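Chain residues, written in single-letter form:
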Amino acid sequence: MLKIIIAIAVIFILAVILISVLYHFGFIDFYHPMKKTDKNQIKIACVGDSITFGCTVRNWRKNNYPAVLSNLLGEKYCVNNFGYTNRTAIKSADYPYVNEKLYRQSLDFEPDIVVIMLGSNDSKENNWNKDKFINDYCEMINSYLTLASKPKVYVLVPPPLFEVRGKVMWQLRKGVMDNEICPAVKHTADKLSVRCIDMHSVFENKQGLFSDGVHPNAEGSKLFAQKVFEVIKNEI
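This structure is a prediction, so every number in the text was calculated from the model and none was measured.

## Things to note about the environment of P160
Here is step 1 of the chain: Tracing the sequence through the fold places P160 in the loop between β4 (152-157) and α7 (174-192).
Here is step 2 of the chain: Owing to a relative accessible area of 4%, P160 belongs among the buried residues under this scheme.
Here is step 3 of the chain: When the C-alpha positions of P160 and H215 are compared, they lie 9.7 Å apart, and in sequence the two are 55 residues distant.

Here is the structure:
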(Lines give C-alpha, C1' and ligand atoms only; values in the text may rest on other atoms or scores of the structure.)
Protein backbone atom coordinates (compact mmCIF):
# COMPACT_ATOMS: atom_id res chain seq x y z
CA MET A 1 0.00 0.00 0.00
CA LEU A 2 2.82 2.39 0.89
CA LYS A 3 4.49 1.73 -2.45
CA ILE A 4 1.26 2.62 -4.28
CA ILE A 5 0.93 5.88 -2.35
CA ILE A 6 4.55 6.77 -3.11
CA ALA A 7 4.09 5.95 -6.78
CA ILE A 8 0.95 8.12 -6.99
CA ALA A 9 2.78 10.97 -5.24
CA VAL A 10 5.71 10.75 -7.67
CA ILE A 11 3.39 10.70 -10.68
CA PHE A 12 1.52 13.71 -9.33
CA ILE A 13 4.74 15.66 -8.75
CA LEU A 14 6.03 14.82 -12.24
CA ALA A 15 2.69 15.85 -13.77
CA VAL A 16 2.81 19.20 -11.98
CA ILE A 17 6.37 19.78 -13.17
CA LEU A 18 5.47 18.84 -16.75
CA ILE A 19 2.43 21.13 -16.81
CA SER A 20 4.47 23.97 -15.31
CA VAL A 21 7.18 23.59 -17.97
CA LEU A 22 4.66 23.39 -20.80
CA TYR A 23 2.87 26.47 -19.51
CA HIS A 24 6.14 28.38 -19.11
CA PHE A 25 6.99 27.73 -22.74
CA GLY A 26 3.51 28.64 -24.00
CA PHE A 27 2.34 25.21 -25.10
CA ILE A 28 -0.88 25.19 -23.09
CA ASP A 29 -3.76 27.23 -24.48
CA PHE A 30 -6.55 26.04 -22.17
CA TYR A 31 -4.95 27.84 -19.23
CA HIS A 32 -4.34 31.30 -20.56
CA PRO A 33 -5.60 33.85 -17.99
CA MET A 34 -7.31 36.93 -19.41
CA LYS A 35 -8.12 40.22 -17.76
CA LYS A 36 -11.73 41.31 -17.56
CA THR A 37 -12.49 44.65 -19.14
CA ASP A 38 -13.98 47.56 -17.29
CA LYS A 39 -16.65 49.52 -19.14
CA ASN A 40 -14.55 52.45 -20.31
CA GLN A 41 -11.21 50.72 -20.87
CA ILE A 42 -9.49 50.62 -24.25
CA LYS A 43 -9.00 46.96 -25.15
CA ILE A 44 -5.71 45.80 -26.65
CA ALA A 45 -5.17 42.30 -28.06
CA CYS A 46 -1.55 41.19 -28.36
CA VAL A 47 -1.60 38.40 -30.95
CA GLY A 48 1.32 36.23 -31.97
CA ASP A 49 3.57 33.30 -31.21
CA SER A 50 5.93 32.44 -28.36
CA ILE A 51 7.63 35.83 -28.45
CA THR A 52 4.30 37.47 -27.69
CA PHE A 53 3.47 34.82 -25.11
CA GLY A 54 6.78 35.40 -23.37
CA CYS A 55 8.39 31.99 -23.77
CA THR A 56 11.53 31.60 -21.62
CA VAL A 57 11.02 34.99 -19.92
CA ARG A 58 11.91 34.80 -16.24
CA ASN A 59 8.99 35.69 -13.96
CA TRP A 60 6.63 35.29 -16.90
CA ARG A 61 3.49 36.87 -15.41
CA LYS A 62 5.32 40.12 -14.74
CA ASN A 63 7.78 40.27 -17.64
CA ASN A 64 6.05 39.07 -20.83
CA TYR A 65 5.81 42.08 -23.14
CA PRO A 66 1.98 42.46 -23.05
CA ALA A 67 2.15 42.56 -19.24
CA VAL A 68 4.86 45.22 -19.36
CA LEU A 69 2.86 47.14 -21.97
CA SER A 70 -0.18 47.02 -19.70
CA ASN A 71 1.80 48.58 -16.86
CA LEU A 72 3.13 51.31 -19.14
CA LEU A 73 -0.30 52.20 -20.48
CA GLY A 74 -2.05 52.22 -17.12
CA GLU A 75 -5.60 51.60 -15.94
CA LYS A 76 -7.35 53.13 -18.94
CA TYR A 77 -6.26 50.12 -20.99
CA CYS A 78 -6.97 46.39 -20.77
CA VAL A 79 -4.14 44.46 -22.44
CA ASN A 80 -4.56 40.73 -23.00
CA ASN A 81 -1.93 38.29 -24.20
CA PHE A 82 -3.15 35.98 -26.98
CA GLY A 83 0.29 34.64 -27.88
CA TYR A 84 0.68 30.92 -28.51
CA THR A 85 3.99 29.13 -28.98
CA ASN A 86 5.06 27.77 -32.38
CA ARG A 87 2.17 29.28 -34.31
CA THR A 88 2.34 30.54 -37.90
CA ALA A 89 0.55 32.92 -40.22
CA ILE A 90 0.57 30.38 -43.06
CA LYS A 91 -2.56 28.23 -42.85
CA SER A 92 -0.94 25.19 -44.48
CA ALA A 93 2.06 25.25 -42.10
CA ASP A 94 2.49 22.92 -39.15
CA TYR A 95 0.69 25.02 -36.49
CA PRO A 96 -1.46 27.82 -37.96
CA TYR A 97 -2.54 30.43 -35.45
CA VAL A 98 -6.01 30.74 -37.00
CA ASN A 99 -6.79 27.13 -36.07
CA GLU A 100 -6.48 27.86 -32.37
CA LYS A 101 -9.06 28.73 -29.73
CA LEU A 102 -6.97 31.74 -28.74
CA TYR A 103 -7.47 33.23 -32.21
CA ARG A 104 -11.23 33.03 -31.83
CA GLN A 105 -10.96 34.44 -28.32
CA SER A 106 -8.94 37.38 -29.62
CA LEU A 107 -11.75 38.15 -32.08
CA ASP A 108 -14.45 37.74 -29.45
CA PHE A 109 -12.51 40.17 -27.23
CA GLU A 110 -13.57 42.87 -29.74
CA PRO A 111 -10.38 44.85 -29.27
CA ASP A 112 -9.92 48.53 -29.96
CA ILE A 113 -6.27 47.92 -30.81
CA VAL A 114 -4.57 44.80 -32.16
CA VAL A 115 -0.81 44.30 -31.99
CA ILE A 116 0.06 41.30 -34.12
CA MET A 117 3.38 39.61 -34.83
CA LEU A 118 3.85 36.35 -36.67
CA GLY A 119 6.50 35.08 -39.05
CA SER A 120 9.30 33.54 -37.00
CA ASN A 121 7.86 30.02 -37.16
CA ASP A 122 6.90 30.48 -40.80
CA SER A 123 10.64 30.56 -41.54
CA LYS A 124 11.01 26.82 -40.94
CA GLU A 125 12.01 24.85 -44.02
CA ASN A 126 8.75 22.90 -44.26
CA ASN A 127 6.60 25.99 -43.67
CA TRP A 128 7.89 28.87 -45.72
CA ASN A 129 6.08 30.03 -48.85
CA LYS A 130 6.11 33.74 -49.59
CA ASP A 131 2.84 33.93 -51.52
CA LYS A 132 0.95 31.86 -48.97
CA PHE A 133 2.40 33.95 -46.15
CA ILE A 134 1.27 37.24 -47.64
CA ASN A 135 -2.17 35.93 -48.62
CA ASP A 136 -2.87 34.19 -45.31
CA TYR A 137 -1.48 37.02 -43.19
CA CYS A 138 -3.61 39.55 -45.10
CA GLU A 139 -6.67 37.39 -44.52
CA MET A 140 -5.92 37.12 -40.81
CA ILE A 141 -5.27 40.84 -40.37
CA ASN A 142 -8.47 41.63 -42.26
CA SER A 143 -10.41 39.45 -39.80
CA TYR A 144 -9.50 42.03 -37.15
CA LEU A 145 -9.96 45.08 -39.36
CA THR A 146 -13.52 44.02 -40.15
CA LEU A 147 -14.61 43.54 -36.53
CA ALA A 148 -17.49 45.65 -35.30
CA SER A 149 -15.09 47.35 -32.86
CA LYS A 150 -13.07 48.63 -35.88
CA PRO A 151 -9.70 48.24 -34.18
CA LYS A 152 -6.50 49.98 -35.11
CA VAL A 153 -4.06 47.26 -36.15
CA TYR A 154 -0.30 47.36 -35.70
CA VAL A 155 1.73 44.72 -37.56
CA LEU A 156 5.15 44.01 -36.09
CA VAL A 157 8.17 42.83 -38.03
CA PRO A 158 9.67 40.01 -35.92
CA PRO A 159 13.00 40.60 -34.18
CA PRO A 160 16.17 39.14 -35.68
CA LEU A 161 17.33 35.58 -35.07
CA PHE A 162 20.72 35.08 -33.44
CA GLU A 163 22.95 32.03 -33.52
CA VAL A 164 23.74 30.21 -30.29
CA ARG A 165 26.71 27.86 -30.46
CA GLY A 166 26.78 28.22 -34.23
CA LYS A 167 23.11 27.72 -35.04
CA VAL A 168 19.68 29.29 -34.65
CA MET A 169 17.41 27.48 -32.20
CA TRP A 170 14.04 25.83 -32.88
CA GLN A 171 14.76 25.09 -36.58
CA LEU A 172 14.17 28.72 -37.53
CA ARG A 173 16.12 30.14 -40.47
CA LYS A 174 17.93 33.45 -40.18
CA GLY A 175 18.41 33.96 -43.92
CA VAL A 176 14.71 33.50 -44.63
CA MET A 177 13.84 35.86 -41.78
CA ASP A 178 16.19 38.63 -42.90
CA ASN A 179 15.72 38.41 -46.65
CA GLU A 180 12.15 37.20 -47.14
CA ILE A 181 9.92 37.39 -44.07
CA CYS A 182 10.81 40.91 -42.96
CA PRO A 183 10.13 42.39 -46.42
CA ALA A 184 6.95 40.27 -46.71
CA VAL A 185 5.61 41.60 -43.39
CA LYS A 186 6.30 45.18 -44.48
CA HIS A 187 4.64 44.50 -47.83
CA THR A 188 1.61 43.04 -46.07
CA ALA A 189 1.27 46.09 -43.83
CA ASP A 190 1.57 48.43 -46.83
CA LYS A 191 -0.96 46.41 -48.79
CA LEU A 192 -3.55 46.78 -46.03
CA SER A 193 -2.53 50.33 -45.07
CA VAL A 194 -1.85 49.42 -41.44
CA ARG A 195 0.94 50.68 -39.20
CA CYS A 196 4.13 48.60 -39.25
CA ILE A 197 6.53 48.55 -36.29
CA ASP A 198 9.97 47.20 -37.23
CA MET A 199 11.15 45.15 -34.26
CA HIS A 200 13.86 43.66 -36.45
CA SER A 201 15.59 47.04 -36.55
CA VAL A 202 14.92 47.75 -32.87
CA PHE A 203 16.76 44.58 -31.80
CA GLU A 204 19.49 44.56 -34.43
CA ASN A 205 22.87 43.77 -32.84
CA LYS A 206 21.22 43.27 -29.42
CA GLN A 207 21.76 39.54 -28.89
CA GLY A 208 22.27 40.14 -25.17
CA LEU A 209 18.55 40.88 -24.87
CA PHE A 210 17.63 37.33 -25.94
CA SER A 211 17.54 34.22 -23.78
CA ASP A 212 18.17 31.73 -26.59
CA GLY A 213 18.78 33.84 -29.68
CA VAL A 214 15.08 33.78 -30.55
CA HIS A 215 13.06 34.88 -27.51
CA PRO A 216 13.66 38.20 -25.75
CA ASN A 217 14.59 37.91 -22.10
CA ALA A 218 13.00 40.07 -19.39
CA GLU A 219 15.10 43.08 -20.36
CA GLY A 220 14.32 42.51 -24.03
CA SER A 221 10.59 42.27 -23.26
CA LYS A 222 10.78 45.67 -21.58
CA LEU A 223 12.34 47.23 -24.69
CA PHE A 224 9.77 45.45 -26.84
CA ALA A 225 6.89 46.82 -24.77
CA GLN A 226 8.44 50.29 -24.61
CA LYS A 227 8.60 50.54 -28.41
CA VAL A 228 4.97 49.43 -28.81
CA PHE A 229 3.94 51.82 -26.02
CA GLU A 230 5.65 54.79 -27.70
CA VAL A 231 3.93 54.15 -31.02
CA ILE A 232 0.48 53.62 -29.51
CA LYS A 233 0.67 56.69 -27.26
CA ASN A 234 1.90 58.91 -30.08
CA GLU A 235 -1.03 57.93 -32.31
CA ILE A 236 -3.92 58.13 -29.86
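There is more to say after this.
## Comments concerning the sheet that holds strand β2 (residues 77-83)
Here is step 1 of the chain: As summarised here, the arrangement of the five strands in space is β2-β1-β3-β4-β5, forming an open sheet in which the pairing is parallel. Each end of this open sheet is capped by a strand with a single partner; those strands are β2 and β5 (195-198). Going across the sheet, the axis of each strand differs from the next one's by a mean of 20°, ignoring polarity.
Here is step 2 of the chain: Sheet topology places strand β3 (residues 113-117) next to β4; four bridges connect them, and they run parallel. When the bridges of β4 are listed, V114 appears paired with V153.
Here is step 3 of the chain: Strand contacts of helix α4 (residues 65-73): β1 (42-48), β2, β3 and β4, with the helix running at about 175° to β2, the strand carrying the most contacts.

## Let's talk about the pairing of β5
Here is step 1 of the chain: Where β4 lies against β5, four bridges are found, and the strand directions are parallel. Across the sheet, Y154 pairs through a bridge with R195, a residue of β5.
Here is step 2 of the chain: Remark: the β4/α7/β5 crossover connection has right-handed handedness.

## Points about helix α9 (residues 218-235)
Here is step 1 of the chain: Under the 1.5 Å per step criterion, the end-to-end length of α9 is 26 Å for 18 residues, consistent within 8% with the ideal 26 Å.
Here is step 2 of the chain: Along α9, the positions that sit buried rather than exposed are G220, S221, F224, A225, V228, F229, V231 and I232.
Here is step 3 of the chain: Put simply, N217 is the residue that caps the front of α9, since its side-chain oxygen is 3.1 Å from the backbone nitrogen of E219.

## Description of the packing of aromatic side chains
Here is step 1 of the chain: Per the stated rule, a full pass over the model turns up 10 aromatic pairs.
Here is step 2 of the chain: Relative to Y144, the ring of Y103 lies with its centre 6.1 Å away and its plane at 85°, an arrangement referred to as edge-to-face. Of the two residues, Y103 is situated in helix α5 (residues 101-108) and Y144 in helix α6 (residues 130-145); the sequence distance between them amounts to 41 residues.
Here is step 3 of the chain: The exposure class of Y144 is buried, given its relative accessible area of 1%.
Here is step 4 of the chain: Here the aromatic residues Y65, F162, F203, F210 and F224 are joined through ring pairs into a cluster of three or more.
Here is step 5 of the chain: Of note, K43 hangs over the ring of F109, and the distance from its end group to the ring centre comes to 5.5 Å.
Here is step 6 of the chain: Stacked on the ring of Y84, the Lys or Arg R87 has its end atom at 3.9 Å from the ring centre.

## Let's talk about unusual backbone geometry
Here is step 1 of the chain: Phi at Q171 is positive, roughly 65°, even though this residue is not glycine.
Here is step 2 of the chain: Relative to the helices and strands, Q171 resides in the loop between β4 and α7.
Here is step 3 of the chain: The backbone of S193 sits at a positive phi, close to 55°, despite the residue not being glycine.
Here is step 4 of the chain: Its location among the elements puts S193 in the loop between α7 and β5.
Here is step 5 of the chain: We classify S193 as exposed; its relative accessible area is 68%.

The rules behind the values
Residues numbered from 1 in each chain as written. Predicted model: local features only at pLDDT ≥ 70, side-chain atom pairs only at ≥ 80, totals over all residues. Heavy atoms only, no water. Helix = DSSP H or I, 4+ residues; strand = E, 2+ residues; numbered from the N terminus. Buried < 20%, exposed > 50% of the residue type's maximum accessible area, 1.4 Å probe, protein only. Pairing = 2+ DSSP bridges. Axes fitted to C-alpha atoms, helices over the stretch in contact; angles between N-to-C directions. Contact = heavy atoms within 4.5 Å. Right-handed = clockwise from strand over helix to strand, strands pointing away. Expected span 1.5 Å × (residues − 1). Polar contact = N/O pair within 3.5 Å; in protein donor to acceptor, adjacent residues only side chain to side chain. Phe/Tyr/Trp six-rings, centres within 6.5 Å; stacked < 30°, edge-to-face > 60°. Lys NZ or Arg CZ within 6 Å of the ring centre and 35° of its normal.

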